[in-house]
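Spelled out, the chains give:
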Amino acid sequence: MVVMEEICEAFDDAEKITVIKEGNEKSYLIGSYEYKMVSDAFGNLTEGSRQMPALGVSLNNETLKAKKQGVWVEFDFGKVLECCGMPFEKLLFEVKEEYYGFNLIRYTSKYGYDGRCFYLDLVDKNMSEFYNFMINF
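Note that the structure is a prediction, hence the values are computed from the model and not measured.

A. Region of the structure containing the pattern of salt bridges. By the definition in use, this model includes four salt bridges. The partner of Lys16 in a salt bridge is Asp76, with the nearest N and O atoms 3.9 Å apart. Of this pair, Lys16 sits in strand 2 (residues 16-21) while Asp76 sits in strand 6 (residues 71-83), and the two are 60 residues apart along the sequence. Take Lys16: its relative accessible area is 26%, and that puts it in the partly exposed class. Between Lys36 and Asp40 there is a salt bridge, and its shortest N-O distance comes to 2.7 Å. Pair noted here: Lys36 and Asp40 are both in helix 1 (residues 33-46), with a separation of four residues, about one helical turn. Since its relative accessible area comes to 48%, Lys36 is described here as partly exposed. On the basis of relative accessible area, Asp40 is assigned to the partly exposed category, the value being 37%.

Below, the structure is given as structure tokens:
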């Protein structure tokens, strides 16, 4: 298990990025052009962001249902990572134009999407540019 202090450190270890639009999933492996495009756009989005305590928890069944609508992005690490005492194999988040911060929903093979989340505050910017990129991707 790889342990890190800040959740943003994890994204460099992702092996696959999955983009979900209205329930339709497309996955991109590290090294592909599409992976680099999404990873770079996400890096621009989160540059200068700060990790904050999350107020909510994820319920697996509710998250699976929610993923069928809207735009979502999931980073798959192919191994167990841990930050702040919380293990994860994947991190999922919803992309909404008006978000100034967002929950990173943890996934583990043992519990699915059940459990506490991480929260990223985008610090004086919102997701509108990333949202438009993802809609047109």
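Alright, that's what it looks like, and here's the rest.
B. Summary view of the layout of surface pockets. Of the volumes computed, that of the largest pocket is approximately 190 Å³. Ser58, Glu62, Thr63, Ala66, Trp72, Glu94, Tyr99, Gly101, Phe102, Asn103, Ile105 and Tyr119 are the residues that line the largest pocket. When contributions to the lining of the largest pocket are tallied by element, the ones reaching two or more residues are helix 2 (60-66) and strand 8 (101-107). Split by residue class, the lining of the largest pocket holds six nonpolar, four polar and two charged. Its boundaries defined by the atoms lining it, the second largest pocket holds a volume of some 160 Å³. For the second largest pocket, the full set of lining residues is Ala41, Asn44, Leu45, Lys125, Asn126, Glu129, Phe130 and Phe133. Contributions of two or more residues to the lining of the second largest pocket are made by helix 1 and helix 3 (128-136).

Thresholds applied
- Residues numbered from 1 in each chain as written.
- Predicted model: local features only at pLDDT ≥ 70, side-chain atom pairs only at ≥ 80, totals over all residues.
- Heavy atoms only, no water.
- Salt bridge = Lys/Arg side-chain N within 4 Å of Asp/Glu carboxyl O.
- Helix = DSSP H or I, 4+ residues; strand = E, 2+ residues; numbered from the N terminus.
- Buried < 20%, exposed > 50% of the residue type's maximum accessible area, 1.4 Å probe, protein only.
- 1 Å grid on protein atoms, 1.4 Å probe; cavity = no way out; pocket = protein on both sides within 12 Å on 5 of 7 lines; lining within 4 Å.
- Points joined across faces, edges and corners; volume = space filled by probe spheres on them.
- Nonpolar A, V, L, I, M, F, W, Y, C, P; charged D, E, K, R; others polar.

Geometry only, nothing functional implied.
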